[in-house]
Structures are given as C-alpha cells and as structure tokens.
Amino acid sequence: MSILILNAGSSTLKLALYDRDCRLALSGLAEWEADRAAGALRLSDALGRARSVALESAGPGEIAAEAIRAMLRETGAESAASSVRISVHRVVHGGEMFRNSVRIDDRVKTEIRRLCELAPLHNPPALLGIEAAERVLPGVPGLAVFDTAFFAALPPRAFLYPLPYSWYTEWGIRRFGFHGISHAYCTERAAALLTRPAEDLRLVTCHLGNGCSASAVRSGSPVATTMGFTPLEGLMMGTRCGSVDPGILLHLLERGLLDPVRLDLALNHHSGLLGVSGLSSDFREIESQALAGHERARLALEMFADRVRATVGAFAATLGGLDALIFTAGIGEHSASLRARVCEGLECLGLRLDRDRNRACQPDADVAADSSSGRILVLHAREDLHMAREAVRYLTRPDAPQRPAGDAPRSDGRY
Ligand code: ADP
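Residues numbered from 1 in each chain as written. Predicted model: local features only at pLDDT ≥ 70, side-chain atom pairs only at ≥ 80, totals over all residues. Heavy atoms only, no water.

(A) Quick look at the site of the ligand. For the ligand, the set of nearby residues contains 13 residues, the closest of which are Asn210, Asp282, Phe283, Gly330 and His334. Contact distances for the ligand include 3.3 Å between an oxygen atom and a backbone N or O atom of Arg284. Within the backbone of Ile331, a nitrogen or oxygen atom sits 3.3 Å from an oxygen atom of the ligand. Protein contacts shield 70% of the accessible area of the ligand, which totals 580 Å² for the unbound molecule. Only α11 (283–291) and α13 (329–334) provide two or more residues apiece to the shell around the ligand. Tallying contributions element by element places α13 first for the shell around the ligand, with four residues. Each residue belonging to the shell around the ligand can be placed in one class, and the counts come to three nonpolar, seven polar and three charged. (Near = heavy atom within 4 Å. Polar contact = N/O pair within 3.5 Å; in protein donor to acceptor, adjacent residues only side chain to side chain. Areas by Shrake-Rupley, 256 points an atom, 1.4 Å probe, with all protein chains shown as cover. Helix = DSSP H or I, 4+ residues; strand = E, 2+ residues; numbered from the N terminus. Nonpolar A, V, L, I, M, F, W, Y, C, P; charged D, E, K, R; others polar.)

(B) Layout of the sheet that holds strand β9 (residues 202–208). Pairing within the open sheet is mixed, and its six strands lie in the order β11-β10-β9-β12-β14-β13. Of all strands in the sheet, those bounded by a partner on one side alone are β11 (221–225) and β13 (365–366). Pairing of strand β12 (residues 324–328) with strand β14 (residues 375–379), which is carried by five bridges, proceeds in the parallel orientation. By the bridge assignment for β14, Leu325 is matched with Ile376. (Pairing = 2+ DSSP bridges.)

(C) Broad picture of the state of the cysteines. Counting across every chain of the model gives zero disulfides. No disulfide involves Cys241; its sulfur sits 12 Å from that of Cys212, the nearest cysteine. (Disulfide = S-S within 2.5 Å.)

(D) Region of the structure containing a nonpolar patch on the surface. A surface patch of nonpolar side chains, about 320 Å² in accessible area, is lined by Leu163, Trp167 and Trp171. Position of Leu163 relative to the elements: it lies in the loop between α5 (156–159) and α6 (165–171). (Patch = residues over 30% accessible without salt bridge, like charges linked within 9 Å, V, L, I, M, F, W, Y side chains within 5 Å. Salt bridge = Lys/Arg side-chain N within 4 Å of Asp/Glu carboxyl O.)

(E) Spatial organisation of the packing of aromatic side chains. Scanning the entire structure with this criterion turns up seven aromatic pairs. Considering the side-chain rings of Phe98 and Phe146, the 4.5 Å spacing of their centres and the 5° angle between planes classify their relative orientation as stacked. Residue Phe98 is located in the loop between β6 (84–91) and β7 (102–103), and its partner Phe146 is located in strand β8 (residues 142–146); the two are separated by 48 residues in the primary sequence. Taking relative accessible area as the criterion, Phe98 reaches 1% and is therefore assigned buried. On the basis of relative accessibility, which here comes to 2%, the residue Phe146 falls in the buried class. Each ring, one from Phe150 and one from Phe151, has its centre 5.3 Å from the other, and the planes form 70°; the classification is edge-to-face. An aromatic cluster is present here, built from Phe159, Tyr165 and Tyr168 joined pairwise through their rings. Above the face of the Phe159 ring, Arg174 is positioned so that its terminal group lies 3.9 Å from the ring centre. (Phe/Tyr/Trp six-rings, centres within 6.5 Å; stacked < 30°, edge-to-face > 60°. Buried < 20%, exposed > 50% of the residue type's maximum accessible area, 1.4 Å probe, protein only. Lys NZ or Arg CZ within 6 Å of the ring centre and 35° of its normal.)

(F) Region of interest: the pattern of salt bridges. Tallied over the full model, the rule gives 28 salt bridges. A salt bridge links Arg49 to Asp45, with the nearest nitrogen and oxygen atoms 2.7 Å apart. Arg49 gets classed as exposed once you look at its relative accessible area, which sits at 54%. Note that Arg189 and Asp364 form a salt bridge whose closest N and O atoms lie 2.6 Å from each other. Placement of Arg189 in helix α7 (residues 180–194) and of Asp364 in the loop between α15 (355–360) and β13 is noted, with a sequence separation of 175 residues between them.

(G) Expanded view of the environment of Ala144. Tracing the backbone through its elements, the reader meets Ala144 in strand β8. Taking relative accessible area as the criterion, Ala144 reaches 0% and is therefore assigned buried. When the C-alpha atoms of Ala144 and Lys109 are compared, they prove to be 9.5 Å apart, with 35 residues separating the residues in sequence. Apart from residues lying up to four places away in sequence, Ala144 is in contact with His89, Val91, Ser101, Val102, Ile104 and Ile112. (Contact = heavy atoms within 4.5 Å.)

(H) How the structure looks around the packing of helix α3 (residues 106–114) against helix α4 (residues 123–136). Two numbers describe how α3 lies on α4: the axes approach to 9 Å, and their chain directions differ by 155°. Relative to α4, the element α3 lies roughly antiparallel. The handedness of the crossing between α3 and α4 comes out as left-handed. Listed contacts from α4 to Lys109, Ile112 and Arg113 of α3 are Asn123, Leu127, Ile130, Glu131 and Glu134. Class assignment of the residues belonging to the contact of α3 with α4 gives a composition of three nonpolar, one polar and four charged. (Axes fitted to C-alpha atoms, helices over the stretch in contact; angles between N-to-C directions. Parallel < 35°, antiparallel > 145°, perpendicular 65-115°, else oblique. Left-handed = near helix turned anticlockwise from the far one by under 90°.)

(I) Just the environment of Leu319, in detail. Of note, Leu319 is situated in helix α12 (residues 295–319). Leu319 sits 116 residues away from Leu203 along the chain, and the two C-alpha atoms are 8.0 Å apart. Leu319 has contacts with Arg202, Leu203, Val204, Ala216, Val217, Arg218 and Val223, leaving out every residue within four places of it along the chain.

(J) Quick look at the side chain of His179. Relative to the helices and strands, His179 is located in the loop between α6 and α7. On the basis of relative accessible area, His179 is assigned to the buried category, the value being 10%. One polar contact links His179 to Ser213, side chain to side chain, over a distance of 2.7 Å. Beyond its immediate stretch of four places on either side in the chain, His179 contacts Arg90, Asp147, Phe151, His207, Gly211, Cys212, Ser213 and Met227.

(K) Region of interest: the pairing of β8. Extensive coverage of β8 is indicated by the burial of five of its five residues. On β8, burial covers both faces: Gly142, Ala144 and Phe146 on one face and Leu143 and Val145 on the other are all buried. As paired strands, β6 and β8 are joined by five bridges and run parallel to one another. What sits directly across from His89, in β8, is Ala144. Here two bridges tie β7 to β8, and the two strands are oriented antiparallel to one another. Within β8, the position partnered with Arg103 by the bridge is Leu143.

Below, the structure written as structure tokens:
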C-alpha cells in the first residue's frame, strides 16, 4: 500500500510516495508555471539516487497528472496505481472552516476554491493537484491537509487584531497563521527527541525558508504565531517584508506614490532580503556577499536575525519560559551563522548555543551547550512526513476527528 503526497506550490510541484509505515520510497520535484507546456520531473529514491524524467503536457494541471503517472511508473510495480491507498494534498489556506485534515469531496473543493481569494498564489495550484490525482487515480480517496489547521487552536487573544471588533465579525479579519504543517511536525519531533510529552513543553518553532514564520507552542498547541491574515506578516523573508507600520502603506497610497497593485508587488516580491540588499532573496547569496564586504547584504542579515531574535524573546515571555528553541527549513537548517546571530543575546533566557555543535550540526540535532537551560534544536523540515502520518491516522480512524466536510459556506462571506 502506498500513500501519495502532493505539495503543489506556486512554482513547484513536490511529490512523494510513502509506505504504510510512513517510510519514504520515492520523491519528485517538478517546476511549473501557468504558461509552461512541458517540464521535467526530478526523482530521487530512498537511497538518494536521482534521475530526471521529461514531462510533455499542455499545462500545469496536465503536468501534475503526468508527474503522478511518471512517479508511479518509476516504482516498477506493474499495478502501482492500484497500490495507492490515498492521495494527500497540502492546501495552504483552510480558512476558519477546516480545523483538521479532511477527506476531499465536491464541497471541500468548492470551499478551497472560495478560499483562493485569500491565497491566490497557493490554493489554485493545490486544486490543480487534487484534480490531477482524481483523474489519474479514480476512486482513490484524497485527504486535504491545511497549513492553517494547526493554528485553529489559537485563542481569540492571539488571533484577533486590535482593530474594530466588527471587522472580525463582519469581514472575517483575523490571524490565520501559516506553515502550520511544519510547526506541527516540529512540535511532534521535538517532543520525540527530548523524550518528553508535547504537553510538558514550551517551544518556539522558527520556520526560516523563503517564507519565514515563528510560533509559540505550549502543551502541543500554538498560543502565538507571526504570520497573520496573510503570509505577509511577521518576520522578514526572502522577498516579503514581514511586519511594517501600516501607516507607511496609507502614506504611499494617499500620496499616490504607489497604487494597490504596485504596493502588493513591492511588499510581496521586492522587499525582505532582496529589498534591503538590492541583491538577492537567496540567503546563501546574501551571506557570501556580506562576507565579501557588501554593506547592504550585511545590513539585511542583521535585520533578519534581529527580527527572529526579538520574536523568540517575545514568545519566550508569552510562554513564561522556554524548553526548546527550534530552527527548521532552508535557512534554519543550513545556516550555522544565522543561528549563532539569533542566539547572541538569548543567554538572558538561559539559552546557550554550543559553537562547535552548531557549526558541525547535521539535522536533526541539539546544538545547545550542556549548560543551557533550554535546548536548541535544528530539525530537517518534513512536511511530507507529517502529511503521510495524517493519512495513516485518517486510514486508521476515518471517522475520527475529521471536521465534517459538509459545513455550508458562511452566508456572511467570512472564511
Ligand atoms: P521554501 O520556503 O521555498 O521551501 P526552503 O526551505 O528551501 O524554501 O529555504 C530556502 C532558503 O534557504 C533560501 O534563502 C536559501 O538560500 C536558504 N538556504 C538553503 N541552503 C542554505 C545553506 N546551505 N546556507 C544558508 N542558506 C541556505
């Protein structure tokens, strides 16, 4: 029996095949764009052996279907398609309706489509992936796993903004939080590595990739997170600004210096590391240019680290102490110097990084000094594994805590 995982993002389609024991058999990556007619699927097996398969198709939806077929062919099993027991799809935005993973049916798809308004770059490709899996694997159930679901447990004091309350009740303006699959995985993984139940732990999880977010997690549930109504809020990111004074935006709009379309472009695509450095959104490039003496690359690095550190401090206070600080995703896993910069100053919280462990770290690893009162964990981001586990939980107990898919969309236009 296999579990097919699809993570259809705005520019890449990631696939994986897991067995019933949540062991990875094969993973694949294809790049896609709305106007691209063909592409390649880069596959790698459990031993890390890689190969590339050409995909010929008429558009992203067909590329997704072809990628699934190519992946199944690669398993070598004659009836690979019939061995797939479930397809699992990462969906970025589940609004207020989806608080858990949910079996996909027409009503679920309608709701995910409705939520495209709030996640225009992310929910549409997820739908393409879902429909491609339905075409290639007719009759195989699909499970949607939402990036927002982990944050459904946020208390009102954390998900409300200090805005007129009616903006929430009438327009649905609230914090949703994103990267929840990664923060949920880190919570489980940290508990396993620390051999303590998640219920006993106060964690700050930092997902630092192209998109960046941090969460405060107490007893396995989030109590605060940096991303908000959209994935634009919070930490500084590759091309996204993170939190800025909303007065700046009003000023630019009122003075006619930017219109809403150009403002959107600037905040989402021309800000963050790229905006400050003027060089690149790629952290490796920023680090190497900073080392070579590029002043604005150095400034971008410092600003990035300052914001992560300030958030860790704030969240530690929210939690009343910290049992572990967690770094994950591309930057969090690979940049020892960023981790060191962030931890400079966190000694006041009792957190002490061990320089040698940090430099030599191969995730998953604890890089805290023995004298540190809280652990500092570097975890390999495994959203796909979390999704495979969700599938196993669903297959084991299909009727258990799935929120019914049948809730009618809210009539007041809220999500
Ligand atoms: P995404 O959010 O798209 O999944 P990733 O988690 O892969 O992205 O993170 C991408 C970021 O990680 C990029 O800024 C990249 O430069 C950075 N990164 C990847 N490898 C390294 C490395 N060895 N050192 C520093 N940064 C790295």
